[in-house]
Amino acid sequence: MPNPIPNQAVTSASRETPLRLGVTNLSFHRATAAIVVHVLDIMGKSVQLSFADHQANFDALGRGELDLLCSAWLPHSHGIYLDKVRQNLEVRELGLHYEPYALWGVPEYVPQEQVDSVTDLLRPDVLEKMRRHIQGIGPGAGISRFSKQMMQDYGLQQAGYEFHTGTEQQCFDAFEDALQHKAWAVVPLWQPQFLHHKYKIRELKDPKGLLGGKDRAVLLLAENAAGHFTQAQLRVLDNIRMLNRDIAELDYAINREGLSAEEAAGRWLSAHPVILSQWLSPLWRRQTCEESNHDA
């Protein structure tokens, strides 16, 4: 494939100070961060990665311990954390990595005429068949905060349902166990996520709107770290735009094909050279302009 990297993209000076990139320690966040790191590497940036849960990453950004955070879901899921950071630190939003949203879903074999909405979980005929244990992920995730509110506001606790936070793997295992036994079960999930790449999961209607709306997954840059980048490099970071299905594909490669996040990102970028070239186009334009000025 044609080389998408401008000759002037990498300089020795740009590698002197590693950028501190905080990544939420979930597979799809690691996949997205690996894409960003590939692009930063092309631009000659050294990166020091750190992994933590949602809130801990935002807290570290607010304390000045991070230069970048990947990825923030705004405004719904992570807005509460970013608002706190912005009380003391100016932060820039870059790119549109994907458009995530939280959901409650059921396997497609659960009849839609019986279970179409969260409110249907209270129907006597549904209560007879639905597993009462609802397995979530970590407590700092937006989907976990939303789910706790849903349990209360929809009266699900009184009906005998229990929502449990846990690891990402516990959530996936609970859903796949239900599939194996053809059991009726609710899974608190999000888009994008690798289970959607493999299974058909029907989203339940949320008439109270407690799951929030569609978010923007973006790269956060502390304004006091913007000096690490040229304007062209900042435009490159702002050019990074993917789709939910792209992230689900990357997430599947990590969770079911055994690839590392770096391997999955490298394979995806190799398969999409035109997209990568489009992201990097500000570097090409800068180089062309510099060459024109030199010739003049």
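Summary of the structure given here. Just so it is clear, the structure is predicted and the values come from calculations on it, not from any experiment.

### With respect to the packing of aromatic side chains
In the structure shown here, the tally under the stated rule is 8 aromatic pairs. When the centroid spacing of 5.8 Å and the interplanar angle of 40° are considered together, the rings of phenylalanine 28 and tryptophan 73 count as tilted. In this pair, phenylalanine 28 is assigned in helix α1 (residues 27-42) and tryptophan 73 in strand β3 (residues 68-74), connecting sequence segments 45 residues apart. Accessibility classification places phenylalanine 28 together with tryptophan 73 in one group, the buried group. These aromatic residues form a ring-pair network of at least three members: Phe28, Trp73, Tyr98, Phe172, Trp190 and Phe194. Here the basic side chain of lysine 208 rests over the ring of tyrosine 154, its NZ or CZ set 5.6 Å away from the ring centre.

### Quick word on the nonpolar core
Counting residues in hydrophobic clusters, the biggest one holds 97 residues, and the most contacted among them are Trp104, Leu121 and Leu220. At 9 residues, α1 tops the list of elements feeding residues into this core. Both domains that meet at this core, namely domain 1 (19-100 + 214-283) and domain 2 (102-203), each give it at least three residues.

### Here's the deal with the pattern of salt bridges
One pass over the full model with this rule turns up 10 salt bridges. Across the pair arginine 86 and glutamate 93 runs a salt bridge, and its minimum N-O distance is 3.1 Å. Look at arginine 86 and you get partly exposed, because its relative accessible area is 37%. The salt bridge involving glutamate 223 is made with arginine 92; its shortest N-O contact spans 2.4 Å. With glutamate 223 in the loop between β10 (216-222) and α8 (231-239) and arginine 92 in strand β4 (residues 91-98), the pair connects residues that are 131 residues apart, well separated along the chain. A relative accessible area of 25% means that arginine 92 is categorised as partly exposed. A cluster of three or more residues bridged by salt bridges with shared partners is formed by Arg86, Glu93 and Arg216.

### Let's talk about the packing of α1 against helix α9 (residues 244-256)
Across the interface, α1 lies against α9 with an axial gap of 9 Å and an inter-helix angle of 110°. As far as their axial angle goes, α9 and α1 are roughly perpendicular. You can see that α1 and α9 cross each other, and the crossing is right-handed. Of the residues in α9, those in contact with Ser27, Phe28, Ala31, Thr32 and Ile35 of α1 are Ile247, Leu250, Asp251, Ile254 and Asn255. Each residue belonging to the contact of α1 with α9 can be placed in one class, and the counts come to 6 nonpolar, 3 polar and 1 charged.

### Thoughts on the sheet that holds strand β5 (residues 101-107)
Reading across the sheet, the 3 strands line up as β8-β5-β9 and stay open at both edges, with antiparallel pairing between neighbours. Two strands close off the open sheet at either side, each with one partner strand: β8 (187-191) and β9 (201-203). In this sheet, adjacent strand axes meet at a mean angle of 55° when their direction is disregarded. In terms of strand pairing, β5 meets β9 through 3 bridges, oriented antiparallel. For glycine 105, the partnering residue across the bridge sits in β9 and is glutamate 203.

About the criteria used
- Per chain, residues are indexed from 1 in the order of the written sequence.
- Local features in a predicted model are, by the rule used here, given only for residues with pLDDT of at least 70; side-chain atom pairs are given and counted only at 80 or more, and totals for whole chains, interfaces and linings are based on all residues.
- The basis for the side-chain values is all heavy atoms of the structure; hydrogens and waters are excluded.
- Pairing of aromatic rings covers Phe, Tyr and Trp, the last through its six-membered ring, and needs centres within 6.5 Å; plane angles under 30 degrees mean stacked, over 60 mean edge-to-face, and all others mean tilted.
- A helix here means a DSSP run of H or I that spans at least four residues, while a strand means a run of E at least two residues long, and both kinds are numbered starting from the N terminus.
- Residue burial is assigned from relative accessible area. The probe radius is 1.4 Å, only protein chains are included, and a residue is buried under 20% of its type maximum, exposed over 50%, and partly exposed in between.
- Only when the NZ of Lys or the CZ of Arg is both within 6 Å of the ring centre and within 35 degrees of the ring normal is a charge said to sit over the ring.
- Residues belong to a common nonpolar core when they are buried Ala, Val, Leu, Ile, Met, Phe, Trp, Tyr or Cys residues joined through side-chain atoms within 4.5 Å.
- Residue ranges for the domains originate in an automatic or database domain assignment.
- Salt bridge, as applied in this entry: a Lys or Arg side-chain nitrogen positioned within 4 Å of an Asp or Glu carboxyl oxygen.
- All axes here are fitted lines through C-alpha atoms, helices being fitted over the stretch that makes contact, and every angle between N-to-C directions spans 0 to 180 degrees.
- Here the angle decides the label: under 35 degrees means roughly parallel, over 145 means roughly antiparallel, 65 to 115 means roughly perpendicular, and every other value means oblique.
- For any helix crossing, the convention is left-handed if the near helix is rotated counterclockwise from the far helix by under a right angle, and right-handed if that rotation is clockwise.
- We call two residues in contact whenever any of their non-hydrogen atoms come within 4.5 Å of each other.
- Note on residue classes: Ala, Val, Leu, Ile, Met, Phe, Trp, Tyr, Cys and Pro are nonpolar, Asp, Glu, Lys and Arg are charged, and everything else, Gly too, is polar.
- A pair of strands is treated as paired once DSSP finds two or more bridges between them.

Nothing here speaks to function; it is geometry throughout.
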